[in-house]
Amino acid sequence: MPRVLTTCIYCGCGCGLYLISDGKRLTGAYPSRNHPVSRGALCVKGWNSYEFSNDLNRLTAPLIKKDGKFIPASWDETLGLVVEKFKHYKNTFGPDSLAFLSSAKTTNEENFLMMKLARAVFKTNNIDHCARLCHASTVVGLSLAFGGGAMTNSINEFKDAEVILVTGSDTTAQHPLIGSRIINTVKDKGAKLIVIDPREIQLAKYATIYAQPKCGTDVAWINGLIYVIIAEDLHDKKFIEERTEGFLELKRTVRDYTPELVEEITTIPKEKIIEIARLYAKARKSMIVYSMGITQHTTGVDNVLSLANLAMVTGHIGFASTGVNPLRGQNNVQGSCDVGALPDVYSGYQSLVDGDIRKKFEQGWRVEGLPPKAGLTVTEIISAAGEGRIKGLYIMGENPIISDPDSNHVRKCLSEVEFLVVQDIFLSDTAEYADVVLPSASFAEKDGTFTNTERRVERIRKVIDPPGQAKADWQILSEVARRMGYKGMDYKHPSEIMDEIASLTPIYGGITYDRLGPYGLQWPCPTKDHPGTSVLHKEKFTKGKGTFMPRPYIPPAESTDEEYNFVLTTGRVYWHWHTRTMTNRTSTLEREAPEPYVEINCEDAEDLQIRDDQLIKVSSRRGAITLKVRVGHKVAKGTLFIPFHYREAAANILTILAVDPIAKIPEYKVCAVKVEKI
Amino acid sequence: MRGKGGKDMKASKVKIIGKKKIKDLLREASQEWNVYVPQKWSDGDVWMDQLPKDKQMLDEALEDVVLEDVDTVISPKDIFFPQLESIFKFKDDKIWETPEFSPKLIFGVQPCDLKGILFSDDFYRRNFEDRYYVSRIQNRLIVARGCLRPPRPTCFCSSAKTGPFAEDGFDLQLVDFGDSYFVEVGTREGEEFITMHKKFFSEPDGNYDMTIKEIKTKACDSLELKVDFQNALSLMAQDSFIPEENYRRIGERCIYCGGCLYVCPTCTCFNVFDNVKDKEGERVRNWDACVFEGYTRETSGHNPRKDKWLRTARRYEHKLKFDYKVTGLSGCIACGRCLSSCPVGIGISKFIQEITEKRKIM
Ligand code: SF4
Ligand code: SF4
């Protein structure tokens, strides 16, 4: 087949695109005209998504490390070794000496199998993935407030919004096909845009009000908005009365957050706070959009809960073009959470503490004794590996050396873990530390589904064969299970895995490959005749009444001092994807952004006598990197921004391993650094 | 307008073919040609794809052939200029080229796209000959199909006189007439094709000339989007007429996806890179776009078009000013694709409206 409709591998927008092939490799990628997200358009990453998987330096054979060198080996020998080691650790040190890192880049089916492998076969709940690092706070926060940790509304509702509040999301860069909708709504239909972000992002140019808070002060300004809304009687009393609980507590908490105090904490002028509160509250259709600027904090859950409070206090939720809309970053980070690649829940966010649920899965999987205690999270797993508590670590499609906070710590841990398995399409920085490397298939080389940020379960389709001996992740995981003597993981096709997911997961209950068609279905989709759901919490919240959970402002974990006098915040650029393993093999993307850089405010640059493009050293208490400077107005005085993509100057060498107490998400968005000329 | 290189333009003749016979014609033609024809996918997307050679697959594909209201995201330019193609391969000290020169019948080409193809043909042979492109087009027959209605709401060909019917440049052109098509013959090759497959064609009756004229006029009137194209070309020809502010505003809105250039029938830029492992590899080229910063960045790091708006300006100037100066033809053939594939609603038709009507619409 020369042309196949599939789903983009990059961001959570989930654009529908066609991959073209000459039978051996990919030769193009075109947008679908009729797909509800792409509608004839793609961003630059989608347009160029055909290139990386052709790279001749793909992993094509299993590798076993012998005397510090990788030697190609057969699947039989390699998987034999993996199973022997894992069996040994399990029997000698117990199941919790093993851990599994799944991947939001892989399919729903593969994430489901990874967690099934961990739980049903190895009997451990030590399974987690990079959602921990991006939207763990959302999953926890929105579940507490509404009963469901996902985008409440849908992508095509932006066009009818009257007010859009964007915070902590560089939307045009990270979710381009959503960012573009916001621009169109504002420019062509007169909607009002509020942007609240420590960086003056592209969307700020279209904002009716742009506010630049100090990094890590989100709870303060959100409480400040609610203060004004209540003080000016702009809250939706009927909605609060009928659909929520805990309003009095909210009122009590926010009463301290006067615009004056908020200005002091956040540096947002008090007039702006009042203006934003009025603009957001008075419109009927106001949407909140947020992303990692909100979640990646030690107060990540507090931030999310506060945004939920803001939406509920104004009744801006439960109907089209409103709601609280976390934009999920990875192509399938929504799905990998949905299908339970998390340490405390099975698929569909079903708690493993609940005995009935455990029994259901035991029956479904024909096993006994599923472990009842929640497992470790990503950062805990890495540390435990370093301390020797985790002996065998299985990483599928993740690159924690570049993506996790405090890289030097991660490196040390991974070099100390007894047995490391890495399954990937390229020999990543993380794979260098592996004892065994397993070559897997790219998104163009297998069937499956991704779930985009608006909960749309969409097909990906096989276009070409994987290179050499590489295999789809689901096939490799099944083979490991089979070798462990488990009979419940033999599948001929991923559609059978989806059938199993549907049978065990109420929100995916009605999903089958036959029903997905070209554009997929949005969950909740509980039954085979259910059309899917575009707006959540319509008549009532998933959990019944929405709960106000007011939080006080708590400062970030690390504050600046005389020595480390700059705040560093990290993020991404439009042209690259995460640890750059795919985009640096894409000529157009790599050419646009070939080098790491640090953004600095003009005034600071002048004070320090630093020119544009000059190399400087940035260091934190954890490490130092050297990179070029970009002088401008994007960040405020006293703040630096570094994209985390580049191994050549990995921003995560500087970041701090301080996590949110509940969600365990690291504080990538704030740490203290200093700048030195070299 | 220049004829297609090497082909004789002959006085127009007209034949007629029943619509029902098109499938059989294509089946027969595919024995000799690689046939490219618009096919509809189950999701409604339409692509100009090659018909399979396998008999059963061919029968299935023929069921999906569509010739009316065809809106392909990409023009047929990718048949001659694929998004990614091999230039040569190498291993150890051996190098070999992999040129493509199969016989191609492109069936159902829209008139605007035909203009785009001719424009690119000319471009790739103007100063130096691009052998990879030229080898792909050397054995090619184009059957155009006029549009009774604009397939895209963004079409504005009637304003640029590039459609909805072609005046020349085709080998054959189909004119939709109820159950059948009139077939206008444009070249000797077209005529030979008809002779080869004569059982499918017959002579039209009566005053068909008038009928065809009426059909074309009606088609022209069906285009709702009208812009003052000629005026735009002459305004652009006056240096520094367009206020910088226009370009800045558009450049600011742009999210730099490159889509408008990828879909443009007359965009011909490519980048070249090597895919190498050890001593084996391939030199490939793939679509490039002038909106990218790296497109004009010099080795020193200096970039004459560093600011986004300068790159925006370059695009419009290239299409509407420099191409016109160099070739006497506009580089935009008014297909409307750039607008219909732009995530933020930027399109050259809107730009033309802005400068000729002196208002802001983007
Ligand atoms: S917006 Fe996201 S899903 Fe769409 S093409 Fe770009 S990266 Fe892919
Ligand atoms: S500039 Fe736009 S309208 Fe003109 S030919 Fe190119 S894509 Fe078509």
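Worth saying up front: this structure is predicted, and the values here are computed from it rather than measured.

## Here we look at the layout of surface pockets
One simple way to see leftover space: roll a probe sized like a water molecule over the atoms. Of the voids in this model, the largest pocket is the one considered here, and its volume is about 1900 Å³. Along the walls of the largest pocket sit 50 residues, with Arg 630 and Lys 634 of chain A together with Glu 293, Lys 306 and Lys 308 of chain B positioned nearest its centre. When residues of the lining of the largest pocket are traced back to their parent elements, those giving at least two are helix H6 (171-174), strand S24 (597-601) and strand S26 (624-632) of chain A together with helix H10 (244-253) and helix H13 (308-327) of chain B. Looking at the lining of the largest pocket element by element, the count peaks at five residues for S26 of chain A. Across the lining of the largest pocket, the residue classes tally to 18 nonpolar, ten polar and 22 charged.

## Section: the site of ligand 2
Neighbouring residues of ligand 2: Phe 156, Cys 264, Pro 265, Arg 315, Cys 332, Ile 333, Ala 334, Cys 335, Gly 336, Arg 337, Cys 338 and Ile 348 of chain B. Of the residues contributing to the shell around ligand 2, the split by class is nine nonpolar, one polar and two charged.

## Quick notes on the site of ligand 1
Residue and element names in this part refer to chain A. In the neighbourhood of ligand 1, the contacting residues comprise Cys 8, Tyr 10, Cys 11, Cys 13, Gly 14, Cys 15, Leu 42, Cys 43, Lys 45, Gly 46, Pro 176 and Leu 177. Within the residue set of the shell around ligand 1, elements represented by two or more residues are helix H1 (44-47) and helix H7 (176-189). Each residue belonging to the shell around ligand 1 can be placed in one class, and the counts come to nine nonpolar, two polar and one charged.

## Some remarks on the packing of aromatic side chains
One pass over the full model with this rule turns up 39 aromatic pairs over all chains. For the ring pair Tyr 10 of chain A and Phe 52 of chain A, a centre distance of 6.4 Å and an interplane angle of 65° mean the geometry is edge-to-face. Of this pair, Tyr 10 of chain A sits in the loop between strand S1 (3-7) and strand S2 (16-21) while Phe 52 of chain A sits in the loop between H1 and strand S4 (63-66); the two residues are 42 residues apart in sequence, bridging distant segments of the chain. Summarising the burial analysis for this pair, Tyr 10 of chain A and Phe 52 of chain A share the class buried. Stacked on the ring of Phe 93 of chain A, the Lys or Arg Lys 391 of chain A has its end atom at 4.5 Å from the ring centre. Residue placement shows Lys 77 of chain B over the ring face of Trp 287 of chain B; its charged tip is 4.8 Å from the ring centre.

## Some thoughts on the domain arrangement of chain B
Residue and element names in this part refer to chain B. Partitioning chain B into domains gives domain 1 (2-221) and domain 2 (229-357). The C-alpha-based centres of domain 1 and domain 2 are spaced at 26 Å. Across the contact, 40 residues belong to domain 1 and 41 residues belong to domain 2. Carbon and sulfur atoms make up 62% of the surface buried where domain 1 meets domain 2, a total of about 3300 Å² over both sides. For the domain 1 face of the interface with domain 2, the top three residues by lost area are Phe 90, Phe 119 and Phe 156, together amounting to 21%.

## So, the pattern of salt bridges
Residue and element names in this part refer to chain B. Going through the model one piece at a time under the given rule, you end up with 69 salt bridges over all chains. Of the charged contacts in the structure, one is a salt bridge between Lys 104 and Glu 100, with a shortest N-O distance of 2.7 Å. Judged by its relative accessible area of 0%, Lys 104 is buried. A single salt-bridge network, built from bridges that share partners, covers Glu 85, Glu 100, Lys 104, Asp 130, Arg 136 and Arg 285.

## What about the environment of Glu 264 of chain A?
With respect to the helices and strands, Glu 264 of chain A occurs in helix H11 (residues 259-266). A sequence separation of 44 residues divides Glu 264 of chain A from Ala 220 of chain A, and the C-alpha atoms of the two residues are 9.8 Å apart.

## Topic: the sheet that holds S2 of chain A
All names here are of chain A. Taking strand neighbours across the sheet as the criterion, the three strands line up as S1-S2-S3 in an open arrangement whose pairing is antiparallel. Here the strands that pair on one side only, and so sit at the sheet edges, are S1 and strand S3 (26-31). On average, each strand axis in the sheet is inclined to that of its neighbour by 30°, with strand direction left out of account. Sheet topology note: the S2/S3 ladder contains five bridges and is antiparallel. What sits directly across from Tyr 18, in S3, is Tyr 30.

About the cut-offs
- Residues numbered from 1 in each chain as written.
- Chains lettered and ligands numbered in written order.
- Predicted model: local features only at pLDDT ≥ 70, side-chain atom pairs only at ≥ 80, totals over all residues.
- Heavy atoms only, no water.
- 1 Å grid on protein atoms, 1.4 Å probe; cavity = no way out; pocket = protein on both sides within 12 Å on 5 of 7 lines; lining within 4 Å.
- Points joined across faces, edges and corners; volume = space filled by probe spheres on them.
- Helix = DSSP H or I, 4+ residues; strand = E, 2+ residues; numbered from the N terminus.
- Nonpolar A, V, L, I, M, F, W, Y, C, P; charged D, E, K, R; others polar.
- Near = heavy atom within 4 Å.
- Phe/Tyr/Trp six-rings, centres within 6.5 Å; stacked < 30°, edge-to-face > 60°.
- Buried < 20%, exposed > 50% of the residue type's maximum accessible area, 1.4 Å probe, protein only.
- Lys NZ or Arg CZ within 6 Å of the ring centre and 35° of its normal.
- Domains from an automatic or database assignment.
- Contact = heavy atoms within 4.5 Å.
- Buried area = accessible area lost by both parts, 1.4 Å probe.
- Salt bridge = Lys/Arg side-chain N within 4 Å of Asp/Glu carboxyl O.
- Pairing = 2+ DSSP bridges.
- Axes fitted to C-alpha atoms, helices over the stretch in contact; angles between N-to-C directions.

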